There are 2 protein chains.
Amino acid sequence: MRGRKWWMVLTVVSLVATLGYVEGVLGHPRLHAASRPDPANRIFQAPREYHTCFIGQKIDHFGFYENRTFKQRYLIAEQHWKRDVGSILFYTGNEGDITWFANNTGFMWNVAEELDAILVFAEHRYYGVSLPFGNKSFSDAKHLNYLSSAQALADFAVLVQHLKATIPGAQDTPVIAIGGSYGGMLAAWFRMKYPHIVIGALAASAPIWQFDSLVPCGTFYSIVTQDFKKSGNCCSESIRNSWAAINRLASTEEGLRWLSSTFRLCTPLKTETDAATFKGWLGETWVNLAMVDYPYKADFLQPLPAWPIQVVCKYLKNPKLPDKLLLQNIFQAVNVYYNYTGHASCLNLTQTATKSLGIQGWYYQACTEMVMPMCSDGVSDMFEPQKWDFHTYSEECFKNWGVRPRPSWIPTFYGGKNISAHSNIIFSNGGLDPWSGGGVTKNITNTLVAVVIPEGAHHLDLRSNTPFDPDSVLQARLLEVHYMRQWLRQYHQRSHRHPK
Amino acid sequence: MRGRKWWMVLTVVSLVATLGYVEGVLGHPRLHAASRPDPANRIFQAPREYHTCFIGQKIDHFGFYENRTFKQRYLIAEQHWKRDVGSILFYTGNEGDITWFANNTGFMWNVAEELDAILVFAEHRYYGVSLPFGNKSFSDAKHLNYLSSAQALADFAVLVQHLKATIPGAQDTPVIAIGGSYGGMLAAWFRMKYPHIVIGALAASAPIWQFDSLVPCGTFYSIVTQDFKKSGNCCSESIRNSWAAINRLASTEEGLRWLSSTFRLCTPLKTETDAATFKGWLGETWVNLAMVDYPYKADFLQPLPAWPIQVVCKYLKNPKLPDKLLLQNIFQAVNVYYNYTGHASCLNLTQTATKSLGIQGWYYQACTEMVMPMCSDGVSDMFEPQKWDFHTYSEECFKNWGVRPRPSWIPTFYGGKNISAHSNIIFSNGGLDPWSGGGVTKNITNTLVAVVIPEGAHHLDLRSNTPFDPDSVLQARLLEVHYMRQWLRQYHQRSHRHPK
């Protein structure tokens, strides 16, 4: 049970992990970066020059007993801004170091000039260096108490007002929120809760409906499965059959030794609990592959080839093989993900669950408000059947953090499916992205619009333009810019009619 | 200084005091109440039968460390509800015992049948019996930490969802928020922040712009002054001249004794500080009279005649009198307010600042987020010149509560003047009401509409129909019902097109 639970939590965490690390190696500020395709890594990268700044924020926006402040980091790039006609594109930072996001959101750098925009990347409290209580921030539930989406949005609101008040000429510059994944949810929610601060939002791959029972809990794994199904004959069947094969082997000590050695695990499996952890790690690998099934070679925690699931699936053509042969193929498949360069001497089951603050913070958030029910049935998906078990989830949260999750708070606070009163939000989703199952993929009104990218994985549209982008993502980016221009035009027309 | 400060705070409190006590004596459930004009008190009163219920609410909606709940009281009247076509009218309780508001919001009882409505009156946390920590709720800043508008709105959201989930057939019943004064702000903010929960809001006499520098700080006292100016020749001049007269008398011990005896004060004035408190008390009296300058005899803390300022002004026709004669007239004037029935044996300077929880709660709120700058100049108003002094205000708050006010939080969180992205809110204001200066008195869009009642004092429109109502308030109530019907019609049309 422990191992399965672990997997369920890790799955949620993969939302972080991937976001944090996609393009991670490329992700350092590169003032020398070329603005044309680079034949070596095949990624187009616009120059990314920014300043790092800090703003004092109330630790608690919603109570007055805790009156101290902390320093929130934000990055700002003003080189393309034009007063009077320009805009501010405001990245609503999610669960990680903001420099990663700034360097992994090539779209914003690509459109900055076209939209005469100041780029701002705001770090989410409790991530990166924006720690309300320094190295005590994660010490207990009391110090973690101010980690929530509502507090983060309030930080963003205060920051935008500060920028408009302090950048000469920016007082009336319209602001558009942009974010991906959890950051995409924040962008959408920022527009919903603070429409006086942002004129619109681009919410990329934002699973705002992956809560409570707004979508079936099985959708997520079903989409992962579809990705493997589409990428190779019998690929998903091979994975589906692997679980029973592992279970059979894991039932004996010899089998556990064989698994440890075949998968070149850094720490050998010793118990059934270890085997459950092992299965969780495999499951997470398939999920991560689905999220980053990009059409070009890309680096993240490990470098990956273009369309990595197709590469993986080359090893998984025969689901009917005897256990050991099947699992040797499974090893070859995960080895693509963990050891594409061939440098890894062993594979580490805790590898994707890094000890970084980002991971800690997201665990806590998943144990409080970001409760996303997940389940699998082994039929419409390739995973072992696993019911959504809120009770166990809650117990685990209480044990780890001393808090109880509140699974219905997000729909109560942000509206669930009943959001038609809002306006000016683009919800973009990739058809390959398992998170699209909890996303908005149909227009709700003519100002709450859905953009679907059939060939897209997790917020492909927010990544830099590359020569390898499928047409659908190019179209999506054009459409997104079209909507943003429209909001800006409407804003300027209104301001012109009612000069301040 | 102390006395003046006290006055400034009390002025804010009068928002409570009046709301709490208007119609207070009538305000107990009267199952025998007649549904036609009652010649004795001249108030039309519809029958008011309701059930008293409680709901468990999280003490902290925005943090997870404090996971306990408290019991929030609400009152519910279902006798006029019709399934399928009906509505829920939801009173967003403000700073007092909810039974007072239920019994002082005759408008809702008057329209319940017409709108086939369930009436719900939700008590605001920290008021009435809805105390998060029982009798410790006000013991210190730690226990008061969860008293805020955002927490109150979250309570309301959770309560509406609970009602819809538990009243058979109410799942899809549309909800309209209604409130007056601070409750009116809450109604408007409820629609702004939770448009998925309420389809619209009637915000009566809601000074949502009485914050920061959204309106000039002098507007409030200037409107009070206008009320007196209009109600009798030289009336406001008499009051304006009274301050200097008091100052001259208060400078000697004999003068203080004379003032104490002439004004029949229960506790004689002994120091200059006492004299400042005395002036504060007088100022508050004029303010309260402006707020409740209703066109008919009404009972509240003390019974008052119809158009009480006209009665007061009969004593204030000659501003040029020598000090003692002028102040004897001032005494006659305030005596109308405090002793209309002639039963009071002495006048009590702390009388309007009752020790009730409501008052305590509002003081705290005024010292945290509900910071409403007020000032007077003695020229455009009849008060002693008094600058808005945030520093002193903040020091006083810290001394009394251990908290610091955050004057810009309300505009940051709720949008200030930039609220045009929202919809379906009626802002009604009375021309006589000093709070109208901070209210929305012009249409913002065609769904954010202003209703102005020139002859109205503080949320006259929310009171019961009476034969003495001026046409303007009858028109206002008709218009309000017209808009509410329109929201309900649109809701039912949408539900019909998209059946759930």
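Residues numbered from 1 in each chain as written. Chains lettered and ligands numbered in written order. Predicted model: local features only at pLDDT ≥ 70, side-chain atom pairs only at ≥ 80, totals over all residues. Heavy atoms only, no water.

## Observations concerning the overall build of chain A
Okay, step 1: Secondary structure assignment for chain A yields 15 helices and ten strands.
Okay, step 2: The buried share of chain A, reckoned over its 500 residues, is 64%.
Okay, step 3: When contacts within chain A are restricted to residue pairs at least 6 apart in sequence, those whose partners lie at least 24 apart make up 72%.
Okay, step 4: For chain A, the accessible area works out to roughly 18,100 Å², and carbon and sulfur atoms hold 52% of it. (Helix = DSSP H or I, 4+ residues; strand = E, 2+ residues; numbered from the N terminus. Buried < 20%, exposed > 50% of the residue type's maximum accessible area, 1.4 Å probe, protein only. Contact = heavy atoms within 4.5 Å. Areas by Shrake-Rupley, 256 points an atom, 1.4 Å probe, with all protein chains shown as cover.)

## Some details on the relation of the copies chain B and chain A
Two copies of one chain are present, and they are related through a rotation about an axis combined with an axial shift.
Okay, step 1: For the match of chain B to chain A, the screw axis carries a shift of 0.0 Å, the RMSD comes to 0.1 Å, and the turn is 180°. Interpreted geometrically, this transformation is the action of a two-fold axis. The C-alpha atom lying nearest the rotation axis in chain B is that of Lys193 of chain B; the distance is 2.9 Å.
Okay, step 2: With an isologous cut-off of 70% or more, the 100% of interface residues of chain B that recur at the interface of chain A puts this contact in the isologous class. (Least-squares fit on C-alpha atoms with pLDDT ≥ 70 in both.)

## Examining the interface of chain B and chain A
Okay, step 1: Listed as interface residues are 39 residues of chain B and, on the opposing side, 39 residues of chain A.
Okay, step 2: Across the chain B/chain A interface, buried area totals approximately 3,500 Å², and carbon plus sulfur atoms make up 58% of it.
Okay, step 3: The largest contributions to the chain B side of the interface with chain A come from Phe62, Phe64 and Arg406 of chain B, which together make up 25% of the buried area.
Okay, step 4: Viewed at the interface, chain A and chain B are joined by 21 residue pairs in polar contact (both at pLDDT 80 or more).
Okay, step 5: Counting only elements with at least two residues in the side of chain B that touches chain A, the list comes to helix H4 (149-166), helix H5 (182-193) and helix H14 (409-414) of chain B.
Okay, step 6: For the side of chain B that touches chain A, the per-class residue count stands at 18 nonpolar, twelve polar and nine charged. (Buried area = accessible area lost by both parts, 1.4 Å probe. Polar contact = N/O pair within 3.5 Å; in protein donor to acceptor, adjacent residues only side chain to side chain. Nonpolar A, V, L, I, M, F, W, Y, C, P; charged D, E, K, R; others polar.)

## Considerations on the domain arrangement of chain A
Residue and element names in this part refer to chain A.
Okay, step 1: With domains assigned, chain A is organised as domain 1 (51-208 + 419-497) and domain 2 (218-339).
Okay, step 2: Computed over C-alpha atoms only, the centres of domain 1 and domain 2 are separated by 34 Å.
Okay, step 3: Summed over both sides, the interface of domain 1 with domain 2 buries roughly 1,300 Å², with 68% coming from carbon and sulfur.
Okay, step 4: Per-residue buried area on domain 1 facing domain 2 is highest for Leu432, Pro434 and Arg463; these three make up 44% of the total on that side.
Okay, step 5: Our enumeration of links across domain 1 and domain 2 arrives at zero salt bridges.
Okay, step 6: Our count for the contact surface shared by domain 1 and domain 2 stands at three residue pairs in polar contact (both at pLDDT 80 or more). (Domains from an automatic or database assignment. Salt bridge = Lys/Arg side-chain N within 4 Å of Asp/Glu carboxyl O.)

## Topic: the nonpolar core
Okay, step 1: Formed by 326 residues in total, the largest nonpolar core has its most connected members in Trp189 and Trp286 of chain A together with Trp189 and Trp286 of chain B.
Okay, step 2: Residues contacting Trp189 of chain A, with those up to four places away along its chain left out, are Ser149, Leu153, Tyr182, Tyr194, Ile208, Phe211, Met370, Ile410 and Tyr414 of chain A. (Core = buried A, V, L, I, M, F, W, Y, C linked by side-chain atoms within 4.5 Å.)

## Observations concerning the sheet that holds strand S6 (residues 200-204) of chain B
Residue and element names in this part refer to chain B.
Okay, step 1: Pairing is mixed in the open sheet, where eight strands are placed in the order S1-S2-S4-S3-S5-S6-S9-S10. Of all strands in the sheet, those with a lone pairing partner are strand S1 (51-58) and strand S10 (448-453), marking the two edges. Neighbour-to-neighbour, the strand axes of this sheet turn through a mean angle of 20°, independent of strand direction.
Okay, step 2: With eight bridges connecting them, S1 and strand S2 (residues 69-77) associate as antiparallel partners. Directly across from Cys53, in S2, lies its bridge partner Tyr74.
Okay, step 3: Packed on one face of the sheet, H4 meets S1, S2, strand S3 (87-92), strand S4 (117-122) and strand S5 (175-180) and runs near 60° to S2. (Pairing = 2+ DSSP bridges. Axes fitted to C-alpha atoms, helices over the stretch in contact; angles between N-to-C directions.)

## A short note on the pattern of salt bridges
Residue and element names in this part refer to chain A.
Okay, step 1: Applying the stated rule across the entire model yields 26 salt bridges over all chains.
Okay, step 2: Taking the shortest distance from any N to any O, the salt bridge between Arg257 and Glu253 comes out at 4.0 Å. Of this pair, Arg257 and Glu253 both sit in helix H8 (residues 253-262), separated by four residues, roughly a single helical turn.
Okay, step 3: One network of salt bridges, in which partners are shared, links Arg73, Asp97 and Glu123.

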